[in-house]
Amino acid sequence: MKKLTRPFDEIRKQAVEEWNRLWNDGRAVIRVESATCGRAAGVLQVADAVQKKLQELNIDAKIVNTGCIGLCYLEPIMDVTKPNQPSILYHSLDPKTAASIVEDYLVKNDIRADKALCSLGSSYANLPSLAELPVMQKQTRWILQRCGLIDPEKIEHYIALGGYSGLVKALSMKPHEVIEWVKLSRLRGRGGAGFPTGKKWEVCRSAPGDEKYIICNADEGDPGAFMNRALLESDPHFVLEGMVIGSYALGAQVGYIYCRAEYPLALERLRTALKQMADFGFLGKDILGSGHNFEIRIKEGAGAFVCGEETALIASIEGKRGMPRPRPPYPAQSGLWGKPTVINNVETWACVSLIFQKGWEYFANKGSESSKGTKTFSLVGKVKRAGLIEVPLGITLKEIIYDIGGGIIGDKEFKAVQIGGPSGGCLPKVLLTTPVDYDSLSSAGSIMGSGGIVVMDEDTCVVDIAHYFLDFTQKESCGKCVVCREGTWKMLQLLKAIKEGRADSNTLAKLEDLAQIVKIGSLCGLGQTAPNPVLTTLRYFRDEYEAHINEKRCPAKVCKNLITYYIIPDKCEGCMICLRECPSGAIRGGKRMVHIIDQEKCSKCGVCYNVCPPRFRAVVKVSGEHMNTPSEPIPVQRRK
Amino acid sequence: MINMAEASQILASDETIKVMEILKRYSSDKDNLIPILQEIQKNVGYLSPDFVRLVSKHLKISASSVYGVATFYTMFKFAKPAKHNIKVCLGTSCHVKGGDRILETFERLLEVRCGESSRDLMFSLERVACLGSCALAPVVVIDDTIYGNMHVDRIKPILSKIRG
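Residues numbered from 1 in each chain as written. Chains lettered and ligands numbered in written order. Predicted model: local features only at pLDDT ≥ 70, side-chain atom pairs only at ≥ 80, totals over all residues. Heavy atoms only, no water.

(A) Seen up close, the domain arrangement of chain A. Along its sequence, chain A is organised into domain 1 (22–133), domain 2 (163–364), domain 3 (374–460), domain 4 (463–550) and domain 5 (560–638). Domain 3 of chain A and domain 5 of chain A are separated by 38 Å when their C-alpha centres are compared. (Domains from an automatic or database assignment.)

Below, the structure written as structure tokens:
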């Protein structure tokens, strides 16, 4: 590793110059949002088309790959900046449109209002600014401030926009003063449980021994959550700076990032970032002349949800099966290789950077009484504006879903919101005014979790959702403790019986009993929280469970064994489409003959329901009803 | 350390040589176990009993310990992989948006069950918990290509395009 030869002021000056040069050298800049989600939406093809167009037009412009600005519902996204003009953000692109925008805007000066969403910075040419968009108005972007705006593979961009000034600040303080600042900021862990970060650090610092470790938990396993991935892909140095600050405060010489292997782009950008840090003297020996030595190693997860639990994660780094162990001792006292270890979530480390860049007062001034600062969430499911958001803690769920998320897709009826992943709970409409902070969510039966918010509408069956989450945790249970291993399995069998219409009047009582036992008796967080989705749905949507059990009816028409597909004779035109597409060969009929579904053969796949032309709408899905249909196909003309 | 002669007694295949090359790059520290297994999985595609034995000798731990760790993590496979790997995401967002219907359609078209490979070893099909692209649900990943906003109608064309 190279040693630092330049003072930080000089580094920053050069970084600012480089950043300014990007914008002021007379050439246009095109930023392409190329995080994983953008790539799934096809942004790389868009970038290729733009590149080709620029060559064809002989325009010397710069293409910059950035991360994710969080407007996932509008991807693919790019923004175009002409010299001395604000950037204009274009959305929902395909390669052809993107190429035409480049030509229209850069050559013909047509702003292409049809595809432009907003300007970045001040409003421009009748376009609103990004901050004025409804999706942004209630957000506070601290952690995501640079996401989508900088090149995550250029450390200079991060430094130019305030990066590593927090590390410089921290290194000018005594280690115990650094911990004092974290305590004053009242930062709580962003991984889910919300333990005060400063307190954890203090325990670790005062634990005996010189060898200490810090770990960044990037094992974002909650299905439906992607905030950590987006942050690591968009602004990795923000997280890494916090780790260096933490290592100084705790006297740790080695740190680990435990990141899911399912996040290849995040891993790639982290590796690039670590190299740059070493080159700039932010890692390695005698960091910025402080005498402090620190290195960061990357460990890839191998696909085990339970490794998000801190003691299991440590076992996995040590090369063992990722099984949790009883606490105490807590990792802060005895962790990796038996040494005191601090584990914090990706977002927590970014919060640390922020606290030292802006001061603890800045951080503590935002948020609710018990929960300070902001929190990022991935807002997904049946919501119009799905994406990555950041809000001050204490905001209500209603503001998140309706003001930021724009409400339910197709303006359907809201049913529930699932927050906190498989460890969290489903909250109903009456609880939409619940403030989003650690304590309010926990008294509602959910948890903050790492930040997944999944919105569900009337077409979602809560029994099915409870079954889904329990199926997930049951499969991920490591099997070490009996109540989790056997209890979740038995609970799953009961839920299955309910879903399939085989449950009796005792089933709910049994399910509730077992849920309590698993909650109290499990060794680690996975088992202790696994019953939450079942318990909250039972608490708030008991009538739906009862409909499944007593009436053998699934009100949302989701549970396969309780639904039936019929072809309405009056509407069927005998077009043969469903007959040909049915994978089970369950549909009888002929050309211009009313089709009939053989219920014995029907596998309830719903293909007929989807392929029936909208102008006929002859296939219906019902639950708990019976419809009379002809026993043999009859000619369309002679029906009735 | 294991020498090449010893390795060739086990099985002198290209795959074994690849595994040997990987092992050379790691010390015998026990915490290297998972990274070694990951590299074999990535470059060779699966962990055969012979590879497990080689790793166990290299790290001086029992083969059953290696096997114990390997079977704990879903990433590791123990049978030769098919040519193309299909991962259907069944994260929460994908589930709510009909991911299981996508999976069922793949199962039907490939005539396999989830977790299996098609008879011609062209495709293997598996489910994953979450790929973190929830706003584009339902999501499918085939080899290294991500398909967002999947629909049952798109599956047949995608498969025939890959088949060529």
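(B) Quick peek at helix H13 (residues 310–317) of chain A. Burial within H13 of chain A is extensive, with eight of its eight residues counted as buried. Inspection of H13 of chain A places Glu310, Thr311, Ala312, Leu313, Ile314, Ala315, Ser316 and Ile317 of chain A among the buried residues, and these make up the whole buried set. Among the structural elements, helix H9 (197–206), strand S6 (213–218), strand S7 (254–259), strand S8 (295–300) and strand S9 (341–345) of chain A together with helix H3 (33–44) of chain B are those in contact with the buried residues of H13 of chain A. Following H13 of chain A by one or two positions, glycine 319 of chain A adopts a phi angle in the positive range, close to 90 degrees. (Buried < 20%, exposed > 50% of the residue type's maximum accessible area, 1.4 Å probe, protein only. Helix = DSSP H or I, 4+ residues; strand = E, 2+ residues; numbered from the N terminus. Contact = heavy atoms within 4.5 Å.)

(C) Representation of the interface of chain B and chain A in the model. Listed as interface residues are 35 residues of chain B and, on the opposing side, 56 residues of chain A. Linking chain B to chain A there are two salt bridges. Across the contact surface, chain B and chain A share 16 residue pairs in polar contact (both at pLDDT 80 or more). Every element with two or more residues in the side of chain B that touches chain A is listed here: H3, helix H5 (63–72), helix H6 (92–96) and helix H7 (99–110) of chain B. When the residues that make up the side of chain B that touches chain A are grouped by side-chain class, the tally is 17 nonpolar, eleven polar and seven charged. (Salt bridge = Lys/Arg side-chain N within 4 Å of Asp/Glu carboxyl O. Polar contact = N/O pair within 3.5 Å; in protein donor to acceptor, adjacent residues only side chain to side chain. Nonpolar A, V, L, I, M, F, W, Y, C, P; charged D, E, K, R; others polar.)

(D) Representation of the domain arrangement of chain B in the model. Parsing chain B into structural domains produces domain 1 (4–72) and domain 2 (84–163). Inter-centroid distance (C-alpha atoms) of domain 1 of chain B to domain 2 of chain B is 30 Å.

(E) Just the nonpolar core, in detail. Membership of the largest hydrophobic core comes to 141 residues, with the highest contact counts inside it found for Tyr164, Trp201, Leu240, Phe282 and Phe356 of chain A. Sort the elements by how many residues they give to this core and helix H11 (residues 236–250) of chain A lands first, with nine residues. Not counting residues within four places of it along the chain, the set of residues in contact with tyrosine 164 of chain A comprises Phe8, Ile155, Tyr158, Ile159, His237, Leu240, Glu241, Met277, Phe282 and Gln357 of chain A. Among the nonpolar cores identified, the runner-up in size contains 44 residues, and Ala312 and Cys484 of chain A together with Leu47 and Leu59 of chain B belong to it. (Core = buried A, V, L, I, M, F, W, Y, C linked by side-chain atoms within 4.5 Å.)

(F) Spotlight on empty space enclosed by the protein. Residues and elements named next belong to chain A. What the rule picks out here adds up to seven cavities of 30 Å³ or more. One number sums up the size of the largest cavity: a volume of about 80 Å³. Lining the largest cavity are 13 residues, with Cys582, Cys602, Ser603, Cys605 and Cys608 sitting closest to its centre. Classifying every residue of the lining of the largest cavity by side-chain character gives nine nonpolar, three polar and one charged. (1 Å grid on protein atoms, 1.4 Å probe; cavity = no way out; pocket = protein on both sides within 12 Å on 5 of 7 lines; lining within 4 Å. Points joined across faces, edges and corners; volume = space filled by probe spheres on them.)

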